[in-house]
Amino acid sequence: MEELLTIATLLGGITALWFFWDKIAAWATGGKSISPHDAALYEEYKSLFVRNGVADFYSQHDFLGAFREDNWRPLSRYVDGWHTVEHEFVHKKLNKLHKKVYESASRLASAIARNTVPIGPGGHMRSVKPDNMPVGPTPEHIKEEAREINSLVPDFIKARESFVRYANSKLGNGNF
């Protein structure tokens with residue numbers, strides 16, 4: 001009878017752990033667990049900027065030079081589509097950091113859209129210098145447009161890195 005009582009007690013304890021696992025996990029992580037929505041949204045974000053090297057491009061490129069349209073499209077798509085409630089993170093700090101990324105990306109994308117044009121056959125490249133610009137020294141107003149874009153990049157990179165570091169720390173620990 002004692003053995004039966006011991007087994008029943010152990011099974012009851014295991015059942016209680018299973019039943020209250022979400023509350024135990026929230027307590028263990030300080031109540032800051034990440035929802036499956038946030039995890040999926042972060043994966044979508046990473047596919048836009050991290051996995052394809054686009055984030056590295058923005059941190060290294062001088063916008064006085066031409067660049068591939070493929071490096072522009074993810075930023076443009078992000079700014080055009082990620083302002084909706086479907087793209088808000090449930091986790092408050094993660095959402096706050098993401099809003100900073102979005103705001104800096106929006107400023108950068110606006111400057112790129114305003115100051116660059118498609119160039120080359122089929123428009124597969126973009127530049128502050130249009131194709132029809134005569135050969136010779138670059139005019140000062142073109143240099144100023146490139147400086148404007150370049151000046152917005154550090155804020156975008158800083159916000160993006162803070163967001164990615166925090167998201168990786170939360171998601172990397174399996175805090176779902």
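Scope of this entry: the structure provided in the associated data block. Just so it is clear, the model here is predicted, and its values are computed rather than measured.

Considering the packing of aromatic side chains
Counted under the stated rule, the structure contains 17 aromatic pairs. When the ring of Phe89 is compared with that of Phe163, the centres are 5.5 Å apart and the planes differ by 65 degrees; the resulting orientation is edge-to-face. One end of the pair, Phe89, is in the loop between α5 (69-81) and α6 (92-115); the other, Phe163, is in helix α7 (residues 140-172), with 74 residues separating them in the sequence. When its relative accessible area of 5% is taken as the criterion, Phe89 is described as buried. The class for Phe163 is buried, based on a relative accessible area of 0%.

Brief notes about the environment of Leu108
Note that Leu108 resides in helix α6. A relative accessible area of 0% means that Leu108 is categorised as buried. Each C-alpha atom, one on Leu108 and one on Val153, is 6.7 Å from the other, the two residues being 45 residues apart in sequence. Other than its neighbours up to four places away in sequence, Leu108 contacts Tyr58, Leu75, Ile149, Leu152, Val153 and Phe156.

Some remarks on the packing of helix α3 (residues 36-49) against α5
For the pair α3 and α5, the least separation of the axes is 9 Å and the interaxial angle reads 145 degrees. Judged by residue contacts, Tyr45, Leu48 and Phe49 of α3 engage Pro74, Leu75, Arg77 and Tyr78 from α5. When the residues that make up the contact of α3 with α5 are grouped by side-chain class, the tally is six nonpolar, no polar and one charged.

Some points on the pattern of salt bridges
One pass over the full model with this rule turns up eight salt bridges. Here Asp70 ties to Arg68 by a salt bridge, and the two come within 3.8 Å at their closest N and O atoms. With a shortest N-O distance of 3.2 Å, Glu144 and Arg147 are connected by a salt bridge. One end of the pair is Glu144 and the other is Arg147, both in helix α7 and three residues apart, which spans about a single turn. Through salt bridges with shared partners, a single ionic network connects Glu43, Lys46 and Arg51.

Each value, and the rule that gives it
- Residues numbered from 1 in each chain as written.
- Predicted model: local features only at pLDDT ≥ 70, side-chain atom pairs only at ≥ 80, totals over all residues.
- Heavy atoms only, no water.
- Phe/Tyr/Trp six-rings, centres within 6.5 Å; stacked < 30°, edge-to-face > 60°.
- Helix = DSSP H or I, 4+ residues; strand = E, 2+ residues; numbered from the N terminus.
- Buried < 20%, exposed > 50% of the residue type's maximum accessible area, 1.4 Å probe, protein only.
- Contact = heavy atoms within 4.5 Å.
- Axes fitted to C-alpha atoms, helices over the stretch in contact; angles between N-to-C directions.
- Nonpolar A, V, L, I, M, F, W, Y, C, P; charged D, E, K, R; others polar.
- Salt bridge = Lys/Arg side-chain N within 4 Å of Asp/Glu carboxyl O.

Taken by themselves, the reported measurements are silent on function.
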